[in-house]
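A look at the structure
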Amino acid sequence: MRNKDFSKKVKAEALRMSSSRCERCWSSQNLKFQHRVPIYQEGASDLNNCIVLCSKCYEIVPEDQ
């Protein structure tokens, strides 16, 4: 596992907590996992730093934060 990847356990818990929906637009399609604080800014690959996003929101989130 690369250092930047979330573990299967973290992904499963993030999906459970988000009700398997994008945390930005509530879509349930094409979900991805994003770091709230990027790795290059010392962000960890743990549950507290994981956000569930659909592919559309995943592409635009860095631009609108």
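Further up the page is the structure itself.
Because the structure is predicted, anything quoted here is derived from the model rather than measured.

What counts and what doesn't
Residues numbered from 1 in each chain as written. Predicted model: local features only at pLDDT ≥ 70, side-chain atom pairs only at ≥ 80, totals over all residues. Heavy atoms only, no water. Helix = DSSP H or I, 4+ residues; strand = E, 2+ residues; numbered from the N terminus. Buried < 20%, exposed > 50% of the residue type's maximum accessible area, 1.4 Å probe, protein only. Contact = heavy atoms within 4.5 Å. Areas by Shrake-Rupley, 256 points an atom, 1.4 Å probe, with all protein chains shown as cover. Phe/Tyr/Trp six-rings, centres within 6.5 Å; stacked < 30°, edge-to-face > 60°. Lys NZ or Arg CZ within 6 Å of the ring centre and 35° of its normal.

Turning to the overall build of the protein chain, a few remarks are in order. Tallying secondary structure elements over the protein chain gives 2 helices and 2 strands in all. What you see in the protein chain, going N to C, is helices and strands ordered as α-β-β-α. When burial is assessed residue by residue, the protein chain has 23% of its 65 residues classed as buried. Partitioning the intrachain contacts of the protein chain with sequence separation of at least 6 by distance along the chain shows that 55% fall at a separation of at least 24. When the accessible surface of the protein chain is split by element, carbon and sulfur atoms take 49% of a total near 4,900 Å².

Enumeration over the complete set of coordinates arrives at 0 aromatic pairs. When the ring centre of Tyr 58 is taken as origin, the NZ or CZ atom of Lys 32, which lies over that ring, is 4.8 Å away.

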